[in-house]
Amino acid sequence: MTAHDSLLDAEALARVRRLLARPARHERMWPVLAAAAALAVSALAFATAMILAPPLVTHSVAQSAPR
């Protein structure tokens, strides 16, 4: 009897393994999309604040430079 000879039916074994296998768990996308949207909104808010904020330097840099 060789190593490939078996008394068990290969098709039945494959069916049993498929039946006993746990179903694949699907990940939800809503938390990921909500986090990405929150980060995008906060990035846009910070970019807007940087553009609209008054400059920190109130005097001309060219005037204070050494000649």
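All of these numbers come straight from a predicted model, not from anything done at the bench.

Criteria and thresholds
Residues numbered from 1 in each chain as written. Predicted model: local features only at pLDDT ≥ 70, side-chain atom pairs only at ≥ 80, totals over all residues. Heavy atoms only, no water. Helix = DSSP H or I, 4+ residues; strand = E, 2+ residues; numbered from the N terminus. Buried < 20%, exposed > 50% of the residue type's maximum accessible area, 1.4 Å probe, protein only. Areas by Shrake-Rupley, 256 points an atom, 1.4 Å probe, with all protein chains shown as cover. Patch = residues over 30% accessible without salt bridge, like charges linked within 9 Å, V, L, I, M, F, W, Y side chains within 5 Å. Salt bridge = Lys/Arg side-chain N within 4 Å of Asp/Glu carboxyl O. pLDDT = per-residue confidence, 0-100.

A few points about the overall build of the protein chain
Per the secondary structure count, the protein chain includes three helices and zero strands. Ordering the α and β elements of the protein chain from the N terminus gives α-α-α. Looking at the 67 residues of the protein chain, the share that counts as buried comes to 0%. With the model as given, the accessible surface of the protein chain reaches about 7200 Å², and the carbon-plus-sulfur share is 67%.

Concerning a nonpolar patch on the surface
On the surface, Met29, Trp30, Val32 and Leu33 cluster together into a nonpolar patch covering about 490 Å² of accessible area. Mapped onto the elements, Trp30 comes out in helix α2 (residues 30-52).

A short note on the confidence of the model for the protein chain
The predicted model of the protein chain averages 85 in pLDDT, with 85% of residues at 70 or higher. Considering each helix and strand of the protein chain separately, the mean pLDDT is smallest for helix α3 (residues 61-64), with a value of 71, and largest for α2, with 96.

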